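Spelled out, the chains give:
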Amino acid sequence: MNALAREIAAIIEQEGPITLERYMSLCLQHPRYGYYMTRDPFGAEGDFITAPEISQMFGEMLGVWIGEAWTAAGKPAEARLAELGPGRGVLMSDVLRVGRVAPGFLEAISVDLVETSPVLRQLQARTLERSPTPINWRANIGEIPRAPLFVLANEFFDALPARHFVKAGHGPPQKGGPVSGAFFGWRERLIGLNAEGELAFGLAPHIETGLPLAPPPGSIVEINVVAQRLMSEIARRIVADGGALLLVDYGYTQTTLGESLQAVAQHAYVDPLAAPGEADLTTHVDFAALARAAREKGAKVQGPVTQSDFLKQLGIERRAETLRRKATARQLADIDSALERLVGIGDPREHMGEVFKVMAVMHPDAPEMPGFASRSRSNETS
Ligand code: SAH
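Note that the structure is a prediction, hence the values are computed from the model and not measured.

## Topic: the nonpolar core
Membership of the largest hydrophobic core comes to 50 residues, with the highest contact counts inside it found for Leu 62, Trp 65, Leu 81, Leu 246, Phe 310, Leu 311 and Leu 342. Ignoring sequence-local partners within four residues, the contact set of Trp 65 consists of Ala 244, Leu 246, Phe 310, Leu 314, Ala 360, Met 362, Met 369, Pro 370 and Phe 372. If you look at the next biggest cluster of nonpolar residues, it comprises 29 residues, including Leu 149, Met 231, Ala 235 and Ala 299.

Structural data, given as C-alpha cells:
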C-alpha cells in the first residue's frame, strides 16, 4: 500500500466506504499525493501523450477556430481566453501564435489558465514565457473576471470524477417466492476495504431513485455530476456575457449503459485501485449529457463531430502541406505521422481521429461556426 492508499483506507475506516467520485478526486487532486499535483505526466517518457504534444497543427486549428469565434462575437474588447487544464501549456502557446491571424484578437484578450497543479503551473509559465498577452492562473472558472469568455478544454473533462450505479439485488427475496423485479434497484458503486484491508469495489446498501428502471440487473451506468455542473456554469457565463467553449475529448455521443473508468500509467492500462495517485484515472466523456446541460442554460451547441472531421474542416491538411514545403526529410516523416495520429481512424491508441470528439457551446446569437458539418468526410480522397 502506498501513502495515499493508507490515507484512503483510514478515511474508509472512519467514515465508511467512499464514492468513486471522491476516490477519483483524491487520486488526482490530493494536495500531497494527487496524480496531477506531483508530476508532469505527459510525453513519451511520461504516462500518455496528448494532441498538442503530437503536433503544433492541433493547437493552430483550435486557435483559428477560437479567433473566428471571437470575430463572430463582434470582436469584444477585454475578452477572456481561458484554458481548462492546460497541461504543459503547449496548446495555449500554439493558439497564441496563430492568434495573430484574427486582427485585434491578441490585443483584446487576457489569458486565464485554470490549473490546480503547482508542478504544471510552473511548466506552463515556462512554455508561455514569451506570451504576447498577460497570463493569469486560476483554481477554477469562478475566479475568472466577468467578460466575454472564450474557453478551450482538451482532455480536461475526462479527468473529472464520475459516479457509478449498478442495477443489483437488495435484501433477501421472500422465502420460496419468485425473485421479482422489485428486489432490484440502482445502488452506487463504492470503494471500501476487503477482508485483507485492501481497497475493493462494493455497493451501497440503499437504492437510488430517479434512475431509469428498464435496464436489466447487472447493468451499470456512469454519471459525471461534476462535469455536468461545470458545463452548466460555463454555459451560464457564455449566455450572460458572450463567448464560446471548444471542448475536445474522448467520449461517446449518446448516453448509454456501461462504464469507462480507466487507469493509465506508462502508456499501459493498470488496476485503478492498485496504487492510487500513481496512475491517471479517467472516464469517457458523455457528450450528450454535457450538451443537454449547456442547452438547459440557453446556450447553442454545435457537434459533437469526430476530431478527424473537425480538424479536416478547419484545414489541417492544407496546413500540413504548407509545413511540408519547408521541411527536411526527417521533418516530412514527422508531419505525416502526426497528421495520421490526429485525424486517422483505427486503433484508438494510435489514431485519435474517431474516438476523440469536438463540441462547441456558444452564445445563442452566434452564427454557425466552421468545423461541424455533420457528414463524415473521412472517405474522401485527395
Ligand atoms: N490539456 C492538456 C492536459 C490534459 S491533462 C493537454 O491536452 O495536453 C488534464 C489537465 O487538467 C492537467 O493539467 C491537470 O492538472 C488539470 N486538472 C485536472 N483536474 C483539474 C481540476 N479539477 N481543476 C483544474 N485543473 C485540473
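Here the narrative resumes, following the displayed structure.
## Overview of the pattern of salt bridges
Summed over the entire model, instances satisfying the criterion amount to 13 salt bridges. Note that Glu 53 is salt-bridged to Arg 88, the shortest N-O span being 2.7 Å. Residue Glu 53 is located in helix α4 (residues 51-54), and its partner Arg 88 is located in the loop between β2 (79-84) and α6 (90-98); the two are separated by 35 residues in the primary sequence. A residue is classified by how much of its surface remains accessible, and Glu 53, at 24% relative accessible area, is partly exposed. Judged by its relative accessible area of 22%, Arg 88 is partly exposed. Here Arg 163 ties to Glu 188 by a salt bridge, and the two come within 2.6 Å at their closest N and O atoms. Taken together, the residues span a long stretch of sequence, with Arg 163 in strand β6 (residues 163-169) and Glu 188 in strand β7 (residues 184-193) at a distance of 25 residues. Taking relative accessible area as the criterion, Arg 163 reaches 22% and is therefore assigned partly exposed. Taking the relative accessible area as the measure of exposure, Glu 188 reaches 4% and is therefore buried. One connected set of salt bridges, linked through shared partners, spans Glu 60, Asp 94, Arg 97 and Arg 319.

## Points about the environment of Gln 302
Following the sequence through the fold, Gln 302 ends up in strand β15 (residues 300-306). Each C-alpha atom, one on Gln 302 and one on Arg 146, is 24 Å from the other, the two residues being 156 residues apart in sequence. With sequence-adjacent residues up to four places away left out, Gln 302 is seen in contact with Met 359, Ala 360, Met 362, Pro 367, Glu 368, Met 369 and Phe 372. One polar contact links Gln 302 to Glu 368, side chain to side chain, over a distance of 3.2 Å.

## What to know about the packing of aromatic side chains
For the coordinates displayed, the defined rule picks out seven aromatic pairs. Judged by centre distance (6.3 Å) and plane angle (85°), the rings of Trp 65 and Phe 372 are edge-to-face. Of this pair, Trp 65 sits in helix α5 (residues 56-72) while Phe 372 is found in the segment after β16 (356-362), placing the two residues 307 residues apart along the sequence. Look at Phe 372 and you get buried, because its relative accessible area is 9%.

## Observations regarding the packing of α5 against helix α11 (residues 307-314)
As a packed pair, α5 and α11 sit with axes 10 Å apart at the nearest point and diverge in direction by 70°. Considering their axes alone, α5 and α11 lie roughly perpendicular with respect to each other. The way α5 lies across α11 gives a crossing that is left-handed. For the pair α5 and α11, the contacting residues are Phe 58, Met 61, Leu 62, Val 64 and Trp 65 in the first and Gln 307, Phe 310, Leu 311 and Leu 314 in the second. Taken together, the residues that form the contact of α5 with α11 break down as eight nonpolar, one polar and no charged.

## Describing the site of the ligand
What surrounds the ligand is a group of 17 residues, the closest being Gln 29, Thr 50, Gly 85, Glu 115 and Asn 154. Here a nitrogen atom of the ligand sits 2.7 Å away from a polar atom, N or O, in the side chain of Gln 29. Taking Gly 87, its main chain carries an N or O atom lying 3.1 Å from an oxygen atom of the ligand. For the ligand, the accessible surface in isolation is 570 Å², of which the surrounding protein chains cover 93%.

## Here we look at the side chain of Thr 282
Within the secondary structure, Thr 282 sits in strand β13 (residues 280-282). Separated by 2.9 Å, the side chains of Thr 282 and Tyr 250 make a polar contact.

## Some thoughts on unusual backbone geometry
For residues other than glycine, phi is negative in most cases, and the peptide bonds are mostly trans. A cis amide bond, omega 5°, links Gly 303 with the succeeding residue Pro 304. Note on placement: Pro 304 falls in strand β15. Phi at Lys 75 takes a positive value of approximately 50°, unusual for a residue other than glycine. Within the secondary structure, Lys 75 sits in the loop between α5 and β2. In this structure Lys 75 comes out as partly exposed when scored by relative accessible area, which is 42%.

## Re the sheet that holds β13
Taken in spatial order, the three strands of this open sheet run β12-β11-β13, and their pairing is antiparallel. The two strands at the open ends of the sheet, each matched to only one other strand, are β12 (268-270) and β13. When strand polarity is set aside, the average angle formed by the axes of neighbouring strands in this sheet is 40°. In terms of strand pairing, strand β11 (residues 262-265) meets β12 through three bridges, oriented antiparallel. By the bridge assignment for β12, Ala 265 is matched with Ala 268.

## Concerning the pairing of β6
With five of its seven residues buried, β6 lies for the most part within the structure. Two strands pair when backbone bridges link them, and β6 and β7 are joined in this way by five bridges, in the antiparallel orientation. The partner of Gly 169 across the bridge, within β7, is Phe 184.

## Considerations on helix α9 (residues 225-241)
Every α-helix carries 3.6 residues per turn, so stepping three or four residues along brings you back to the same face. With 17 residues, α9 should cover 24 Å at 1.5 Å per step; its first-to-last C-alpha distance of 24 Å lies within 8% of that length. Along α9, the positions that sit buried rather than exposed are Ala 227, Leu 230, Met 231, Ser 232, Ile 234, Ala 235, Arg 237, Ile 238 and Asp 241. Buried residues along α9 sit in contact with β2, β5 (149-154), β10 (243-252), α10 (287-296) and β16. Between a side-chain oxygen at the N-terminus of α9 and the backbone nitrogen of Val 226 the separation is 3.4 Å; the capping residue is Asn 224. One or two residues past the end of α9 sits Gly 242, with phi positive at roughly 85°.

What counts, and at which threshold
Residues numbered from 1 in each chain as written. Predicted model: local features only at pLDDT ≥ 70, side-chain atom pairs only at ≥ 80, totals over all residues. Heavy atoms only, no water. Core = buried A, V, L, I, M, F, W, Y, C linked by side-chain atoms within 4.5 Å. Buried < 20%, exposed > 50% of the residue type's maximum accessible area, 1.4 Å probe, protein only. Contact = heavy atoms within 4.5 Å. Salt bridge = Lys/Arg side-chain N within 4 Å of Asp/Glu carboxyl O. Helix = DSSP H or I, 4+ residues; strand = E, 2+ residues; numbered from the N terminus. Polar contact = N/O pair within 3.5 Å; in protein donor to acceptor, adjacent residues only side chain to side chain. Phe/Tyr/Trp six-rings, centres within 6.5 Å; stacked < 30°, edge-to-face > 60°. Axes fitted to C-alpha atoms, helices over the stretch in contact; angles between N-to-C directions. Parallel < 35°, antiparallel > 145°, perpendicular 65-115°, else oblique. Left-handed = near helix turned anticlockwise from the far one by under 90°. Nonpolar A, V, L, I, M, F, W, Y, C, P; charged D, E, K, R; others polar. Near = heavy atom within 4 Å. Areas by Shrake-Rupley, 256 points an atom, 1.4 Å probe, with all protein chains shown as cover. Pairing = 2+ DSSP bridges. Expected span 1.5 Å × (residues − 1).

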